[in-house]
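Coordinate analysis (summary)
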Amino acid sequence: MPGIHASSSSPNVFVLQHNSAACFLSYTAPFLRDNEASSNIVLAHALKSVDAQTALSEFLFTSETEIYQRLSVIDPDAHCPQQTKNAFWLTVWSSSSPSRPPTLDLVLSCVNWTLGDYPIFLWTPNRANAASSAWLRPRVDELAEHLNLCVPPERVFSVFGLTSLVKSFARTWTRLTGFVVEPEPFYAALFSQCDETTFRDSDAPLPEGHVLRKAGLADVEPVAQLCKEFADDSIFFPLSIERARIEARELIAHGLVWVYDAAGDITTICAVTRNSHHVSAITKVYTTPRWRRRGCAEYLVREVTSQLLFTVHKERVVLYVGHENSAQRVYDRVGFVGLCGKDKPESVEDSLELGFVGADRGHW
């Protein structure tokens, strides 16, 4: 059962705390289904934490009516924020009148993985309203106050999500905790996607002896080296080779990483680590410096995207790419939309990661 934190300053806003992924999905599934691409981070992490049966029953078959029924019988005074060292999710709800069911406004995930804690991830199904500080402020205030009662402030080393939402949260978090924002953003990116209608195929042949394939156990060392180089490039989240090997083994064991094999030389990796029923996310693309400008990344990203769309039958493949990252050109040529200064469809979002000085750095 979720814990509830009702707002005293905004009586129509309340926060639910979900200490299991199953509980989180049981309250949010229809809203995540309707926004499966933009909610990819919070949704995929939750789905990883439940068994297949729960993923089907809670995600595919839960209706909004069932959720409103659950919400109608919760006593707001019966629960308060619960401190926990485990993964949890917070949801912010509001109701415009007692006669209308509440709406899901914000989601926060506080989760971890093999290599440590993830950033705090934020998501909203109400992107249009998130541009309004008047709408955001009371909801973010309640969210941050609840989080501050659940975890020590050192746990919140960074926050990632829609730019307007992240900036609002960071201001509130600094005011509450005294932890100030790092001078430079950790990441400023565009959220883009590709589907069957935008995908661009190519008949350019691979060089002789070169192969695009899933990584196998024999590839642990070269994949680990490329994972380390990728992390070191980020500056903020470096990896030792030992921890990179852990990541490589996990990616390979779960079939989540593809490689460009140049006659035995692994030049490029492409990882797909966040998956839901209709959407997959490319989460890591990296080519070692001595193989750059030879088209390796484009070959591999096109192959992986094609497999996901036309073999696995995903409806969309999504990714984040930095504002100044030249990889935008690669993704644009494959068919990811809204990049390289082109018109941005509504689905393309401006995203931001801000870090906090003095917090305990995790990894992602």
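Relevant structure appears above.
Residues numbered from 1 in each chain as written. Predicted model: local features only at pLDDT ≥ 70, side-chain atom pairs only at ≥ 80, totals over all residues. Heavy atoms only, no water.

Some words on the packing of aromatic side chains
Scanning the entire structure with this criterion turns up 18 aromatic pairs. Ring centres 5.0 Å apart and planes at 50° place the aromatic pair phenylalanine 191 and tyrosine 320 in the tilted group. With a gap of 129 residues between them, phenylalanine 191 in strand β9 (residues 187–194) and tyrosine 320 in strand β16 (residues 316–322) connect regions that are remote in the sequence. A residue is classified by how much of its surface remains accessible, and phenylalanine 191, at 1% relative accessible area, is buried. Classification of tyrosine 320 as buried rests on a relative accessible area of 18%. Through successive ring pairs, a cluster of aromatic residues spans Trp113, Tyr118, Phe121, Phe160, Tyr187, Phe191, Tyr320 and Trp364. One residue, arginine 70, lies across the ring of tyrosine 27, its end atom 5.9 Å from the ring centre. (Phe/Tyr/Trp six-rings, centres within 6.5 Å; stacked < 30°, edge-to-face > 60°. Helix = DSSP H or I, 4+ residues; strand = E, 2+ residues; numbered from the N terminus. Buried < 20%, exposed > 50% of the residue type's maximum accessible area, 1.4 Å probe, protein only. Lys NZ or Arg CZ within 6 Å of the ring centre and 35° of its normal.)

A few points about the pattern of salt bridges
Overall, the coordinates contain 15 salt bridges when judged by the stated rule. Between glutamate 182 and arginine 361 there is a salt bridge; the shortest N-O distance is 3.6 Å. With glutamate 182 in the loop between α6 (163–177) and β9 and arginine 361 in the segment after β17 (349–355), this residue pair connects regions lying 179 residues apart in the sequence. A salt bridge links aspartate 261 to arginine 213; its shortest N-O distance comes to 3.0 Å. Linking aspartate 261 in strand β11 (residues 257–262) with arginine 213 in strand β10 (residues 210–214), this pair joins segments that are 48 residues apart in sequence. Counted as one network, the salt bridges with shared partners bring together Arg200, Asp332 and Lys342. (Salt bridge = Lys/Arg side-chain N within 4 Å of Asp/Glu carboxyl O.)

Comments concerning helix α8 (residues 241–253)
The terminal C-alpha atoms of α8, which comprises 13 residues, lie 18 Å apart, in line with the 18 Å expected from a rise of 1.5 Å per residue. Among all positions of α8, only Ala244, Glu247, Ala248, Leu251 and Ile252 are buried. Down the axis of α8, the buried side of the element spans an arc of 125°, and every buried residue falls inside it. Lining the buried residues of α8 we find β5 (112–113), α7 (220–234), β11, β12 (265–271) and β15 (284–287). (Expected span 1.5 Å × (residues − 1). Arc of directions from axis to C-beta. Contact = heavy atoms within 4.5 Å.)

Some remarks on the nonpolar core
The tendency in soluble globular proteins is for nonpolar side chains to be buried side by side. Grouped together as the largest cluster of nonpolar side chains are 37 residues, with contacts concentrated most on Leu16, Phe24, Leu25, Tyr27, Leu32, Leu71 and Trp93. No other element matches the eight residues that helix α1 (residues 21–34) contributes to this core. With sequence-adjacent residues up to four places away left out, tryptophan 93 is seen in contact with Asn12, Val13, Phe14, Leu16, Tyr27, Phe31, Ile67, Leu71, Pro102, Thr103, Leu104 and Asp105. If you look at the next biggest cluster of nonpolar residues, it comprises 35 residues, including Cys110, Ile120, Val140 and Phe186. (Core = buried A, V, L, I, M, F, W, Y, C linked by side-chain atoms within 4.5 Å.)

Observations concerning unusual backbone geometry
Backbone geometry places arginine 293, a non-glycine residue, at a positive phi of 65°. Tracing the backbone through its elements, the reader meets arginine 293 in the loop between β15 and α9 (296–311). The phi dihedral of cysteine 340 falls on the positive side, at around 60°, and the residue is not glycine. Examined against the element boundaries, cysteine 340 turns out to sit in the loop between α10 (327–334) and β17.

Points about the side chain of aspartate 105
The topology assignment puts aspartate 105 in strand β4 (residues 103–110). Polar contacts involving the side chain of aspartate 105 include one to the side chain of asparagine 126, which spans 3.2 Å. With near-sequence residues (within four places) excluded, aspartate 105 lies in contact with Val92, Trp93, Ser94, Trp123, Thr124, Pro125, Asn126, Trp135 and Arg139. (Polar contact = N/O pair within 3.5 Å; in protein donor to acceptor, adjacent residues only side chain to side chain.)

A closer look at the environment of lysine 284
Summarising the element assignment, lysine 284 is placed in strand β15. When the C-alpha atoms of lysine 284 and asparagine 19 are compared, they prove to be 29 Å apart, with 265 residues separating the residues in sequence. If we skip the residues at most four places from it in the chain, lysine 284 touches Cys227, Phe230, Glu247, Ile269, Cys270 and Ala271. In terms of polar contacts, lysine 284 uses its side chain to reach the side chain of glutamate 247, at 3.0 Å.

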